[in-house]
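Coordinate analysis (summary)
Letter by letter, the chains look like this.
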Amino acid sequence: MMMAKSDVIELPPHLTVRELAQKLDVSAIDLIKTLMNVGVMASLNQTIDYETAEIVAAELGKEVRLAVPETEEKEEEAGELPLWRQWLLAEPAARLRPRPPVVAILGHVDHGKTTLLDAIRNTNVAAREAGGITQHISAYQVEHDGRTITFLDTPGHAAFTSLRARGAKGADIVVLVVAADDGVMPQTREAIAHAKAAQVPIVVAINKIDKPNAQPDRVRQQLSDLGLVPQEWGGDTIMVEISAKQRLNLDELLEAILLVADTADIRANPQGRVFGTVIEAQVKKGQGVVATLLVQNGTLKVGDVLVAGTTYGKVRALMDFRGKRIKQAGPSTPVAMLGFHDIPEAGSLFYKVKNEKEARQIVEERLEAQKRQAQQAAAPRMSLEDFFKSLQEGKVKELPLVVKVDVQGSLEPVVKAIEEVSERNEAKVRILHADVGNITENDIMLAAASNGVVIGFNVKADAAARKVAEREGVSIRTYRVIYDLLHDIEKALRGLLEPEKQEVILGEAEVLAVFPSSRFGKVAGGRVRRGVIRRNARVRVLRDDQVLFDGEIGSLKRFQEDVREVREGFEFGIGLKGFKDFQVGDRLIAYTVESAPAA
Ligand code: GDP
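I will try to describe carefully the structure that is included in this document. Because the structure is predicted, anything quoted here is derived from the model rather than measured. (Residues numbered from 1 in each chain as written. Predicted model: local features only at pLDDT ≥ 70, side-chain atom pairs only at ≥ 80, totals over all residues. Heavy atoms only, no water.)

Digging into the sheet that holds strand β24 (residues 453–457)
With parallel pairing, the 4 strands of this open sheet are ordered in space as β23-β22-β24-β25. Single-partner strands in this sheet number two, and they are β23 (428–436) and β25 (476–479). Mean inter-strand twist for the sheet, computed between neighbouring axes without regard to direction, equals 25°. As defined by bridge partners, strand β22 (residues 398–405) adjoins β23 across 8 bridges and the pair is classed as parallel. (Pairing = 2+ DSSP bridges. Helix = DSSP H or I, 4+ residues; strand = E, 2+ residues; numbered from the N terminus. Axes fitted to C-alpha atoms, helices over the stretch in contact; angles between N-to-C directions.)

What follows is the structure, given as structure tokens:
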């Protein structure tokens, strides 16, 4: 008997027995009895997987299906496993088969990621087949010891972009490249943080071992300090000394990858639901959209209809990484695919649907949802206040933090102090990343991925970071006094935090002249470019976007008169408490600190 569409109940990959009872509209007692009938002893609050739920639902005469997520955003908001991992968990265990491990290569710029990817490719991949269609595909597979390994060549060579972070999400293993002559650098630390956030094991490649100034043990020491202790020192991280340039020890590295793969559960169901991750996509002349896809479950075939984000399409052609046309591709296989109507976002999940009608419907629903979201004001994802609210409601037990400090010397003490606060409380802090320097876009992305908060000690957030934070709804809190920082974290963990203070920019002025002053040393003459400068406001002095001073106004005058405020377009004289090194062209930003409106 065919059931009307509205009778199909959508279920998440995991849910509690109580939730399932509600969804199926049956009493909890009946549900627990049915569970017992199929051999599952579960209490009300116990979580069961989709597979079990489906069996129970069938027993109760209900039709269910795995819920299609609205967008990938949801997954990130939940700060949980990547969607594809959740979907894999919903596959029947008996059908899972080993699949090749998928490896992403991460590391600081110039430490040799590209050289290593090329070296492995050139040593282990047979030459491009004659007659193959020249197609750049940003992933490839190699054979080692009769086993296959898939490498992702994630774009973004210059900087550690969010794309690389997404690459780490699709991978089973991260190879962290650290140059032996340079050691651990900021992007090394970011890469570790990303891999940890995605719960992906790390193999370390200590590169450039051929260089005379290589110091591999220094790298081992630095990584140990970050919690990656080499096996030879009694830890559980495999570290291989290599030279990507001279192709030294590449076999050992591949061996290490396979070893780690053996300890991880790297399986999929070749017969199951077809889904995977979009690695990269672009429009090519005469071909339309060419997408590089990593199949992660099921077997993708020509003619299948796929949805990815807000685009869809029928698979017109598939090419393997050598450019050879293929008819189908199983788990862990990278393919170039022709057929999407629009460019899907790198990192997004793709999956097969029944037909183009269903695909159109899903995409339309998603576009609608996006529109609705855009109409609502961007609500912060997580602030310290939200954290303790969720804490009180029993929704979270962990506060993920990205910590940035001004100087190396304060990094360890600050982190240690935060950890001590964490230990004293039932709710815990989880430090995603701690480093020296201003708050950057990457810090925000990192916090966003785990639903965390960015904490700064004597540092500022740069303009790009502020923009991304606003877009992603990530809260940034900066402190000048360690006591305040710890106090706030303590309060957040206990659920006692006051409403957040936020800066409101009043106006901006430019320094046109500098005069000596007996009271302040020097005072500045300027003109208000935008808004207003108020006598009781705080002022930041900026030169080339560097903040030189942040403090109070000592005097504000128009002609010799003290004034309460100066408006846009007018000139004024200003003296600052504790700053006199004005230069013509400096920018003055006036702002006040107010309580944020309650969320
Ligand atoms: P990426 O930014 O991490 O992708 O780094 P690249 O692969 O572009 O390498 C940066 C530079 O380091 C290039 O000039 C490479 O030739 C050089 N390099 C990479 N691996 C090695 C190595 O093992 N030994 C030496 N001596 N140089 C290397």
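More follows now that the structure is in view.
Details of the site of the ligand
Neighbouring the ligand are 15 residues, the closest being Asp110, Lys113, Thr114, Thr115 and Asp210. Between the ligand and the protein, one listed contact pairs an oxygen atom with a side-chain N or O atom of Thr115 at 2.5 Å. Contact distances for the ligand include 2.7 Å between a nitrogen atom and a side-chain N or O atom of Asp210. For the ligand, whose free accessible area comes to 580 Å², the fraction covered by protein is 77%. Ranked by residues supplied to the shell around the ligand, first place goes to helix α6 (residues 113–124) with 3 residues. Residue composition of the shell around the ligand, grouped by class: 2 nonpolar, 7 polar and 6 charged. (Near = heavy atom within 4 Å. Polar contact = N/O pair within 3.5 Å; in protein donor to acceptor, adjacent residues only side chain to side chain. Areas by Shrake-Rupley, 256 points an atom, 1.4 Å probe, with all protein chains shown as cover. Nonpolar A, V, L, I, M, F, W, Y, C, P; charged D, E, K, R; others polar.)

Here we look at the side chain of Arg189
Among the structural elements, Arg189 can be located in helix α8 (residues 186–197). Excluding residues that lie within four positions of it along the chain, Arg189 makes contacts with Val184, Leu226, His433, Ala434 and Asp435. (Contact = heavy atoms within 4.5 Å.)

Let's talk about helix α1 (residues 17–24)
One turn of the α-helix equals 3.6 residues, which is why residues spaced by three or four share an orientation. Taken together, the buried positions of α1 are occupied by Val17, Leu20, Ala21 and Leu24. Angular distribution of buried residues about the axis of α1 spans 100°; they occupy a single face of the element. (Buried < 20%, exposed > 50% of the residue type's maximum accessible area, 1.4 Å probe, protein only. Arc of directions from axis to C-beta.)

What to know about the environment of Leu15
Examined against the element boundaries, Leu15 turns out to sit in strand β2 (residues 14–16). Along the backbone, Leu15 and Asn45 are 30 residues apart, and their C-alpha atoms lie at a distance of 9.0 Å.

Quick word on the nonpolar core
A general trend in soluble globular proteins is that nonpolar side chains are found buried together. Ranked by size, the top nonpolar core spans 29 residues in total, and within it Leu116, Ile149, Phe151, Val175, Leu253 and Ile257 carry the most contacts. Listed by contribution, the elements that provide at least two residues to this core are β6 (102–107), α6, β7 (139–144), β8 (147–152), β9 (173–179), β10 (202–207) and α10 (250–263). It is α10 that provides the largest number of residues to this core, a total of 8 residues. When residues no more than four places from it in sequence are discounted, the contact partners of Leu253 are Leu116, Val175, Val203, Ala205, Val240 and Ile242. (Core = buried A, V, L, I, M, F, W, Y, C linked by side-chain atoms within 4.5 Å.)

Re the packing of helix α2 (residues 28–37) against helix α3 (residues 50–59)
Contact geometry for α2 and α3: axes closest at 10 Å, N-to-C directions at 105°. As far as their axial angle goes, α3 and α2 are roughly perpendicular. Listed contacts from α3 to Leu31, Thr34 and Leu35 of α2 are Thr52, Val56 and Glu59. Taken together, the residues of the contact of α2 with α3 sort by class into 3 nonpolar, 2 polar and 1 charged. (Parallel < 35°, antiparallel > 145°, perpendicular 65-115°, else oblique.)

Re the packing of helix α13 (residues 408–424) against helix α16 (residues 482–494)
At a closest axis distance of 10 Å, the pairing of α13 and α16 adopts a crossing angle of 25°. Relative to α16, the element α13 is oriented roughly parallel. The two elements α13 and α16 meet at a crossing, and its hand is right-handed. Where α13 approaches α16, its residues Val414, Ala417, Ile418, Val421, Ser422 and Arg424 are matched on the opposing element by Ile482, Leu485, Leu486, Ile489, Glu490 and Leu493. By residue class, the composition of the contact of α13 with α16 is 9 nonpolar, 1 polar and 2 charged. (Left-handed = near helix turned anticlockwise from the far one by under 90°.)

So, the sheet that holds β6
With mixed pairing, the 6 strands of this open sheet are ordered in space as β7-β8-β6-β9-β10-β11. Every other strand in the sheet has two partners, leaving β7 and β11 (239–241) as the edge strands with one partner each. With strand direction ignored, the average angle separating the axes of adjacent strands in the sheet is 30°. Pairing analysis gives 5 bridges linking β6 to β9, with the strands arranged parallel. In the sheet register, Ile105 faces β9, and the bridge partner there is Val175. Here α8 sits on the sheet in contact with β6, β9 and β10, set at roughly 170° to β9.

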